[in-house]
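Remarks on the overall topology
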Protein chains: 2
Amino acid sequence: MTGISNTPVPPYFSVAFTSTLVAEAKGYDLEAEKMVRLASQQEGFLGIESVRDASGFGITISYWTSLKAIGIWKQQADHLLAQQRGKSDWYSEYKVRICKVEREYSDQ
Amino acid sequence: MTGISNTPVPPYFSVAFTSTLVAEAKGYDLEAEKMVRLASQQEGFLGIESVRDASGFGITISYWTSLKAIGIWKQQADHLLAQQRGKSDWYSEYKVRICKVEREYSDQ
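These remarks concern the structure in this document. Values in this document were obtained by computation on a predicted structure and should not be read as measured data. (Residues numbered from 1 in each chain as written. Chains lettered and ligands numbered in written order. Predicted model: local features only at pLDDT ≥ 70, side-chain atom pairs only at ≥ 80, totals over all residues. Heavy atoms only, no water.)

Let's talk about the packing of aromatic side chains
For clarity, the threshold we go by: For Phe, Tyr and Trp, where Trp contributes only its six-membered ring, two rings pair if their centres lie within 6.5 Å, and the inter-plane angle classes them as stacked under 30 degrees, edge-to-face over 60, or tilted in between. Only DSSP runs of H or I covering at least 4 residues are called helices, and only runs of E covering at least 2 are called strands; the numbering of each starts at the N terminus. Think of it in three bands: with a 1.4 Å probe and only protein chains considered, a residue is buried below 20% of the maximum accessible area for its type, exposed above 50%, and partly exposed in between. Whether a charge sits over a ring comes down to the Lys NZ or Arg CZ being within 6 Å of the ring centre and within 35 degrees of the ring normal.
Applying the stated criterion to the full structure yields 16 aromatic pairs over all chains. Summarising the aromatic geometry, the rings of Tyr12 of chain A and Tyr63 of chain A are spaced 5.8 Å apart at their centres and angled 75° between planes, so their arrangement reads as edge-to-face. Note that Tyr12 of chain A is positioned in strand β1 (residues 12-21) and Tyr63 of chain A in strand β3 (residues 57-64), a separation of 51 residues in sequence. The two residues Tyr12 of chain A and Tyr63 of chain A agree in class, both being buried. Site record: aromatic cluster; members linked through ring pairs are Phe17, Tyr28, Trp90, Tyr91 and Tyr94 of chain A. Directly above the aromatic system of Tyr63 of chain B lies the positively charged group of Arg97 of chain A, at a separation of 4.1 Å from the ring centroid.

Brief notes about the pairing of strand β4 (residues 91-106) of chain B
What counts here: Paired strands, as defined in this entry, are two strands with at least two bridges between them according to DSSP.
Where strand β4 (residues 91-106) of chain A and β4 of chain B come together, eleven bridges link them in antiparallel fashion. Looking at the pairing, Val101 of chain A lines up with Cys99 of chain B of β4 of chain B. Pairing of strand β1 (residues 12-21) of chain B with β4 of chain B involves ten bridges; the strand directions are antiparallel. Note on β4 of chain B: the bridge partner recorded for Ser14 of chain B is Cys99 of chain B.

Thoughts on the pattern of salt bridges
How we decide: In what follows, salt bridge is the name for a side-chain nitrogen of Lys or Arg lying within 4 Å of a carboxyl oxygen of Asp or Glu.
Inspection of the entire model under this criterion finds eight salt bridges over all chains. For Arg97 of chain B, the salt bridge identified is with Glu49 of chain A, shortest N-O distance 3.1 Å. Here the residue Arg97 of chain B occupies a position in strand β4, and Glu49 of chain A occupies one in strand β2 (residues 45-52), the pair thus bridging two chains. Each of the two residues, Arg97 of chain B as well as Glu49 of chain A, counts as buried. Between Arg97 of chain B and Glu104 of chain A there is a salt bridge, and its shortest N-O distance comes to 3.6 Å. Residue Arg97 of chain B is found in strand β4, and its partner Glu104 of chain A is found in strand β4; the two belong to separate chains. Residue class for Glu104 of chain A comes out partly exposed when judged on its relative accessible area of 22%. Look at the salt bridges and you will find they share partners, linking Glu49 and Glu104 of chain A together with Lys95 and Arg97 of chain B into a network.

Here's the deal with the environment of Lys100 of chain A
Note the following rule: What makes two residues a contact is simply this: any of their non-hydrogen atoms within 4.5 Å.
Position of Lys100 of chain A relative to the elements: it lies in strand β4. Through-space distance from the C-alpha of Lys100 of chain A to that of Tyr12 of chain A is 6.0 Å; in sequence the pair is 88 residues apart. Dropping the residues within four chain positions of it, Lys100 of chain A is found in contact with Pro11, Tyr12 and Phe13 of chain A together with Ile98, Cys99, Lys100 and Glu102 of chain B.

Structural notes on the side chain of Asp53 of chain B
All names here are of chain B. Operational definition: Only four residue types enter the tally: Lys and Arg on the positive side, Asp and Glu on the negative side; His and the chain ends are excluded. Within 3.5 Å is the distance limit for a polar contact, defined as a pair of N or O atoms, with the added protein rule that one can donate a hydrogen and the other accept it, and that residues adjacent in sequence qualify only through two side-chain atoms.
Tracing the backbone through its elements, the reader meets Asp53 in the loop between β2 (45-52) and β3 (57-64). Buried charge without a salt bridge: Asp53, with Arg52 as the nearest opposite-charge side chain at an N-O distance of 7.0 Å. Here the side chain of Asp53 touches Ser55 through a polar contact of 2.6 Å, side chain to side chain.

What to know about the pairing of β2 of chain B
Residues and elements named next belong to chain B. With seven bridges joining them, β2 and β3 adopt antiparallel strand pairing. Across the sheet, Val51 pairs through a bridge with Ile59, a residue of β3. Here β2 hands over to β3 after four residues, with Gly56 in that stretch at a positive phi of 100°.

So, the nonpolar core
What counts here: We define the nonpolar core as a collection of buried residues of types Ala, Val, Leu, Ile, Met, Phe, Trp, Tyr and Cys that are connected through side-chain atoms lying within 4.5 Å of one another.
Counting 20 residues, the largest nonpolar core has Val51, Ile59 and Ile61 of chain A together with Val51, Ile59 and Ile61 of chain B as the members making the most contacts within it. Contributing elements (two or more residues each) for this core: β1, β3 and β4 of chain A together with β1, β3 and β4 of chain B.

Have a look at this one:
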């Protein structure tokens, strides 16, 4: 559980990653934690929100200052390895959506 | 659990709703189901993905053809009531982000 990210006034960008884990996603939790730590150290990182339920269905949204920052993160070496392992070992299905956040409102 | 929405080729729009439920969110599950049904009947609705974990933290993303469709859904009468009840009874915190989905890729 990550809680709600304290993102800046829009516009900024997001990567919404929706996925379903296979029943035996060995090593996934540890790698997911590592990727959150690694993302948070990247230039342009604004925050991350992540939730997965007991069925294995999950949504992770990471927030970024620019599409360029998202592109660099996508190509980061350890992240590339994690993406490959995700495809082969962990996800039965997934979808990635690159978004521009245009407006934001909250009650915090 | 909703699974992954089969959204069209971008661009389209999304509403990312991140929230934490209070410990005793009475009537929430039933109302949430009703809102998903209602949203899916609105003009311009493309899909919805929703997940909440045992701690009460959740992300729901609904997808829409246009910002206009999102505006109409926000003002829909039953949805307005649910939003009010959410603020007063169900959410300890929440954030809503209106986004333009610019790119999408998947492995399905």
